[in-house]
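Structural characterization, general
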Number of protein chains: 2
Amino acid sequence: MEELAKRGRGRPVTTDPGAVGMTALRLFIDKGIDNVTMDDVAEAAGISRSNLFRIFASKSAVVWGGMHLFNVELAKKLEANPETDIVRLLHTSWVEAMHLLDDSLETVRLRLKLIASSPEIYGWGHGQLEEARSVIEKKVSELTDDPMRPRVLSSALISVSMAILVWWAETDDPRTPSEVLDAGFSDFEAVFS
Amino acid sequence: MEELAKRGRGRPVTTDPGAVGMTALRLFIDKGIDNVTMDDVAEAAGISRSNLFRIFASKSAVVWGGMHLFNVELAKKLEANPETDIVRLLHTSWVEAMHLLDDSLETVRLRLKLIASSPEIYGWGHGQLEEARSVIEKKVSELTDDPMRPRVLSSALISVSMAILVWWAETDDPRTPSEVLDAGFSDFEAVFS
């Protein structure tokens, strides 16, 4: 941070996280993520190794890094949502939080393609998915006395969402993630009613 | 196999897979699975290393090995089930297949406790869970034209079932896995209706 500040008022070197992330994701997809080092990423992005690590601590962070912000947004949306019907609450809060990603469609799609491409890369996100799950579990447990339901509903929501989003990424569906999730959730609910 | 046959009609040495599996699972839980080698398991079960590997190829097989049989049973139950309502079809077929485990409650409970204890051990079962998921996806795709629904419903069923079963294992719930799944599925369905 200090180092950046010292450079003064000129446009900061190409350390726009969005651009660097996109370069990295394209490299992972083109060459196979196992064949790409963080040095390769730095070189392709035209930045120094230390600048790269300031943005992304690992290949895992490039792929899954965005999710913590989503989890924060989700927690806010759940908190602000006056809905007391659990299904509608989870449906609308999740879709609202997803709008966060509307401006970075291509990044989200590449991330999800990578996530779906190997169980190992999916597994890198365990902590992030578990964070989202526990945000939901906490909210559901405020609305029910059933001891099992918070765990079950939060697990279901995570896996349904991931299934929908991976399907969206793999089919190059033109809708935004929030649109496709909204439709996918509605279809899921319709199957049960 | 030949070696066993050569021994003739005497009771085979203690290579009852159920007993050996139980010994191994208890050892994993007591000492921490990372601290136990397959040699330790052989010693605790009082069998040779080669006899142990004939039953279980790895620690992963001890924990997740039973699932392939379940998947075969699930495919049979789905095939034989005349139900055309997707939710009832999946609910009843899964619960019926679960009866396979009614005789080995303690083993199932120990396995699930281990599975829930670390993302790594959960991850060992990726192939088995994916096999179950694709059995379900195939059946659902015969009953719908929606392109996304088979993937979404199969993912949901796997994660809902695992959430219910892990909850059952961790709370030492006295019911059988099939009873608790039946109740858990019904509760999940009720939330949506």
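Below or above, wherever it landed, is the structure these notes cover.

Each value, and the rule that gives it
Residues numbered from 1 in each chain as written. Chains lettered and ligands numbered in written order. Predicted model: local features only at pLDDT ≥ 70, side-chain atom pairs only at ≥ 80, totals over all residues. Heavy atoms only, no water. Core = buried A, V, L, I, M, F, W, Y, C linked by side-chain atoms within 4.5 Å. Buried < 20%, exposed > 50% of the residue type's maximum accessible area, 1.4 Å probe, protein only. Contact = heavy atoms within 4.5 Å. 1 Å grid on protein atoms, 1.4 Å probe; cavity = no way out; pocket = protein on both sides within 12 Å on 5 of 7 lines; lining within 4 Å. Points joined across faces, edges and corners; volume = space filled by probe spheres on them. Helix = DSSP H or I, 4+ residues; strand = E, 2+ residues; numbered from the N terminus. Domains from an automatic or database assignment. Least-squares fit on C-alpha atoms with pLDDT ≥ 70 in both. Arc of directions from axis to C-beta. Buried area = accessible area lost by both parts, 1.4 Å probe. Salt bridge = Lys/Arg side-chain N within 4 Å of Asp/Glu carboxyl O. Polar contact = N/O pair within 3.5 Å; in protein donor to acceptor, adjacent residues only side chain to side chain. Nonpolar A, V, L, I, M, F, W, Y, C, P; charged D, E, K, R; others polar. Axes fitted to C-alpha atoms, helices over the stretch in contact; angles between N-to-C directions. Parallel < 35°, antiparallel > 145°, perpendicular 65-115°, else oblique. Expected span 1.5 Å × (residues − 1). Phe/Tyr/Trp six-rings, centres within 6.5 Å; stacked < 30°, edge-to-face > 60°. Lys NZ or Arg CZ within 6 Å of the ring centre and 35° of its normal.

This paragraph deals with the nonpolar core. One finds Trp94 of chain A together with Phe28 and Trp94 of chain B to be the most contacted residues of the largest nonpolar core, which totals 126 residues. Apart from residues no more than four positions distant in its own chain, Phe28 of chain B is found in contact with Ile33, Val36, Val41, Lys59, Val62, Val63 and Leu114 of chain B.

On to the layout of surface pockets. Computed from the structure, the largest pocket encloses a volume of approximately 1400 Å³. Listed by contribution, the elements that provide at least two residues to the lining of the largest pocket are α8 (105–117), α9 (119–124), α10 (126–141) and α11 (149–170) of chain A together with α8 (105–117), α9 (119–124), α10 (126–143) and α11 (149–170) of chain B. As for the second largest pocket, its lining consists of 18 residues, of which Gly65, Gly66, Leu69, Ser104 and Arg111 of chain A are closest to the centre. Where the lining of the second largest pocket is concerned, the elements lending two or more residues are α2 (17–31), α6 (67–80) and α8 of chain A. The greatest single-element share of the lining of the second largest pocket, amounting to five residues, is contributed by α2 of chain A. Residues lining the lining of the second largest pocket come from more than one domain, with at least three contributed by each of domain 1 (2–62) and domain 2 (64–192) of chain A.

Turning next to the relation of the copies chain A and chain B. Relating one copy of the chain to the other requires a rotation about an axis plus a shift along that axis. When chain A is fitted onto chain B, the two copies agree to an RMSD of 0.0 Å after a turn of 180 degrees and an axial shift of 0.0 Å. One copy is carried onto the other by what is essentially a two-fold rotation axis. Here 100% of the interface residues in chain A have copies in chain B that are interface residues too; the copies meet face to matching face.

Here we come to the environment of Glu73 of chain A. Residue and element names in this part refer to chain A. Looking at the secondary structure, you find Glu73 in helix α6. Residue classification places Glu73 among the buried residues on the basis of a relative accessible area of 17%. Measuring from C-alpha to C-alpha, the distance between Glu73 and His99 comes to 9.7 Å, with 26 residues separating the pair along the chain. Non-local contacts of Glu73, meaning those with residues more than four positions away in its chain, are made with Ala97 and Leu100.

A separate point is helix α3 (residues 38–45) of chain B. Residue and element names in this part refer to chain B. Of the residues making up α3, those classed as buried are Met38, Val41, Ala42 and Ala45. Each buried residue of α3 lies within a common arc of 100 degrees when the element is viewed along its axis, so the set occupies one face. The inward-facing, buried residues of α3 contact α2 (17–31), α4 (49–55) and α5 (59–64). Backbone geometry just after α3 places Gly46 at a positive phi near 70 degrees.

Next up on the list: the interface of chain A and chain B. Accessible area lost upon the coming together of the parts is a frequently used measure of interface size. Facing the 26 residues of chain A at the interface are 26 residues of chain B. Around 2600 Å² of area is buried between chain A and chain B when both sides are counted, 76% of it from carbon and sulfur atoms. Where chain A meets chain B, there are four salt bridges. Glu170 of chain B serves as the salt-bridge partner of Arg151 of chain A, at 3.2 Å between the closest nitrogen and oxygen. Inspection of the region where chain A meets chain B yields seven residue pairs in polar contact (both at pLDDT 80 or more). Residue assignment for the side of chain A that touches chain B shows that the elements contributing at least two residues are α11 and α12 (177–192) of chain A. Split by residue class, the side of chain A that touches chain B holds 15 nonpolar, five polar and six charged.

Further remarks concern the packing of α6 of chain A against α10 of chain A. All names here are of chain A. Two elements in contact, α6 and α10, have axes whose closest approach is 9 Å; the angle formed by their N-to-C orientations is 5 degrees. In terms of orientation, α6 lies roughly parallel with respect to α10. Residues Met67, His68, Asn71, Leu74, Ala75, Leu78 and Glu79 of α6 pack against Gln128, Leu129, Glu131, Ala132, Val135, Ile136 and Lys139 of α10. Residues belonging to the contact of α6 with α10 are distributed by class as follows: eight nonpolar, three polar and three charged.

This brings us to α12 of chain A. Here α12 of chain A contains 16 residues, and its C-alpha end-to-end distance of 23 Å stays within 8% of the 22 Å for a straight helix at 1.5 Å per residue. Summarising the contacts, the buried residues of α12 of chain A are in contact with α7 (86–98), α8 and α11 of chain A together with α7 (86–98), α11 and α12 (177–192) of chain B.

What follows covers the side chain of Thr176 of chain B. As for its position among the elements, Thr176 of chain B is in the loop between α11 and α12. Excluding residues within four positions of it along the chain, Thr176 of chain B makes contact with Asp102, Leu105 and Trp168 of chain B.

Scanning all chains against the criterion turns up ten aromatic pairs over all chains. Both rings, one in Phe188 of chain A and one in Phe192 of chain A, keep their centres 4.9 Å apart while their planes meet at 55 degrees; by these two values the pair is tilted. Taken together, the positions of Phe188 of chain A and Phe192 of chain A, both in helix α12 and four residues apart, correspond to about one turn of that helix. In this pair, the class of Phe188 of chain A matches that of Phe192 of chain A, namely buried. Measuring from centroid to centroid gives 5.1 Å for Phe192 of chain A and Phe192 of chain B, while their planes differ by 25 degrees, and the two rings are stacked. Of this pair, Phe192 of chain A sits in helix α12 while Phe192 of chain B sits in helix α12, each in a different chain. One aromatic cluster is present, built from ring pairs that chain together Phe188 and Phe192 of chain A together with Phe188 and Phe192 of chain B. The positively charged end of Arg109 of chain A is found above the aromatic ring belonging to Trp168 of chain A, 4.1 Å away from the centroid.

Below, the discussion takes up the pattern of salt bridges. Tallying each qualifying case throughout the model produces 23 salt bridges over all chains. The partner of Glu137 of chain B in a salt bridge is Arg133 of chain B, with the nearest N and O atoms 3.1 Å apart. Here Glu137 of chain B and its partner Arg133 of chain B are both found in helix α10, four residues apart, which amounts to about one turn of the helix. One salt-bridge network, held together by shared partners, links Glu130, Arg133, Glu137 and Arg151 of chain A together with Glu170 of chain B.

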